[in-house]
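Remarks on the overall topology
This is what each chain is made of:
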Amino acid sequence: MDRSETSAIEPNEPLVEFSAVGLRYGQNPEVLSDLTFTLPAGSFHYITGATGAGKTSLLQLIYMGIRPSRGVIRLFGQDITRFSRKNLPLIRRRIGIVFQDFRLVDHLSVFDNAALPLRLDGRPRAELRSHVRELLSWVGLGDVMDSFPPALSGGEQQRLAIARAVINRPALLIADEPTG
């Protein structure tokens, strides 16, 4: 599969489509059952529920962190339940994720954490320098771009995680506990 196979989406095609999706961990009962829904491009959705209701599991299914036990999940018009592990990064690059625990890389500077998705996409440092600097200034981290995540406050770490999630202008943005 090449990049062109994961980049084209029909104009009216939903970004996310679940059809009879179920999820179980091991041999336990399903924690999510018969999920069927679509999320069109340009829409905004939020998920609420009690602790343990399956919100994070649902988000993990959407960003392909876990696979469903049954059913079909389509992202950008592609059936991702049939994707091999080696092809997942190609479609994941179109998704920005702000994790509940931020998942910043402590040994990388603020600049390099924000630039990571662009680097993984193969863009040279010279090409991304001004874009990363502009975005870090926009989220209020322009003065600390040479610092490292452990030196940042919790709010600064969250803003860095947001900057990293949106740096490559993803088609789909997912935030797990964004107000946490």
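The structure we're discussing is the one just above.
Summary of the structure given here.

Counting its secondary structure elements, the protein chain contains six helices and six strands. Taken from the N to the C terminus, the helices and strands of the protein chain come in the order α-β-β-α-β-β-α-β-α-α-α-β. Relative to the compact-globule value of 16 Å for 180 residues, the protein chain shows a C-alpha radius of gyration of 17 Å, a close match. When its C-alpha atoms are laid out on the principal axes, the protein chain stretches across 50 × 40 × 30 Å. Within the protein chain, buried positions represent 39% of all 180 residues. Sequence separation of 24 or more characterises 62% of the internal contacts of the protein chain that already satisfy a separation of 6 or more. Carbon and sulfur atoms form 51% of the exposed surface of the protein chain, whose accessible area is close to 10300 Å². One finds the centroid of the 21 positive side-chain charges in the protein chain at a distance of 4 Å from the centroid of its 19 negative side-chain charges.

With that out of the way, let us pick up the nonpolar core. The nonpolar side chains of a soluble globular protein tend to be buried with one another. Judged by nonpolar contacts, the single largest core of 25 residues is most densely connected at Val16, Phe18, Ile62, Leu75, Ile95 and Leu172. Looking at this core, the elements that each hand over two or more residues are strand E1 (16-23), strand E2 (32-39), helix H2 (55-62), strand E3 (70-75), helix H3 (88-92), strand E5 (95-98) and strand E6 (172-175). Leave out the neighbours within four places in its chain, and Leu172 touches Val16, Ile62, Leu75, Phe76, Arg94, Ile95 and Gly96. Core analysis: the second largest hydrophobic core is formed by 21 residues, Val98, Phe111, Ala114 and Ala163 among them.

Once that is clear, we can look at the side chain of Asn113. Counting through the fold element by element, Asn113 comes out in helix H4 (residues 110-120). When its relative accessible area of 0% is taken as the criterion, Asn113 is described as buried. Apart from the residues within four sequence positions on either side, Asn113 is in contact with Leu104, Val105, Leu108, Pro149, Leu160 and Arg164.

A few words on helix H5 (residues 125-138). Counted at 1.5 Å a residue, the expected span for H5 with its 14 residues is 20 Å, and the 20 Å between its end C-alpha atoms agrees. Residues of H5 that are buried: Leu128, Val132, Leu135 and Leu136.

One open sheet holds the four strands; their spatial order is E2-E1-E3-E4, and the pairing between them is antiparallel. Only two strands of the sheet have a single partner each, and these edge strands are E2 and strand E4 (78-79). Judged from the two bridges that link them, E3 and E4 form a sheet pairing that is antiparallel. Paired with Arg74 across the two strands is Asp79, which belongs to E4.

Okay, unusual backbone geometry next. Phi at Ala20 is positive, roughly 50°, even though this residue is not glycine. Within the fold, Ala20 resides in strand E1. When its relative accessible area of 33% is taken as the criterion, Ala20 is described as partly exposed. The backbone phi angle of Asp34 is positive, close to 50°, even though this residue is not glycine.

Turning next to the pattern of salt bridges. Two side chains of opposite charge can pair, provided their charged atoms sit close to one another. Counted by the stated rule, this structure contains eight salt bridges. One salt bridge in this structure joins Asp121 and Arg123, with 3.4 Å as the shortest N-O distance. Taking relative accessible area as the criterion, Asp121 reaches 24% and is therefore assigned partly exposed.

Conventions adopted
Residues numbered from 1 in each chain as written. Predicted model: local features only at pLDDT ≥ 70, side-chain atom pairs only at ≥ 80, totals over all residues. Heavy atoms only, no water. Helix = DSSP H or I, 4+ residues; strand = E, 2+ residues; numbered from the N terminus. Rg over C-alpha atoms; globule rule 2.2 N^0.38 Å. Buried < 20%, exposed > 50% of the residue type's maximum accessible area, 1.4 Å probe, protein only. Contact = heavy atoms within 4.5 Å. Areas by Shrake-Rupley, 256 points an atom, 1.4 Å probe, with all protein chains shown as cover. Lys, Arg positive; Asp, Glu negative; His and termini not counted. Charge placed at Lys NZ, Arg CZ, Asp CG, Glu CD. Core = buried A, V, L, I, M, F, W, Y, C linked by side-chain atoms within 4.5 Å. Expected span 1.5 Å × (residues − 1). Pairing = 2+ DSSP bridges. Salt bridge = Lys/Arg side-chain N within 4 Å of Asp/Glu carboxyl O.

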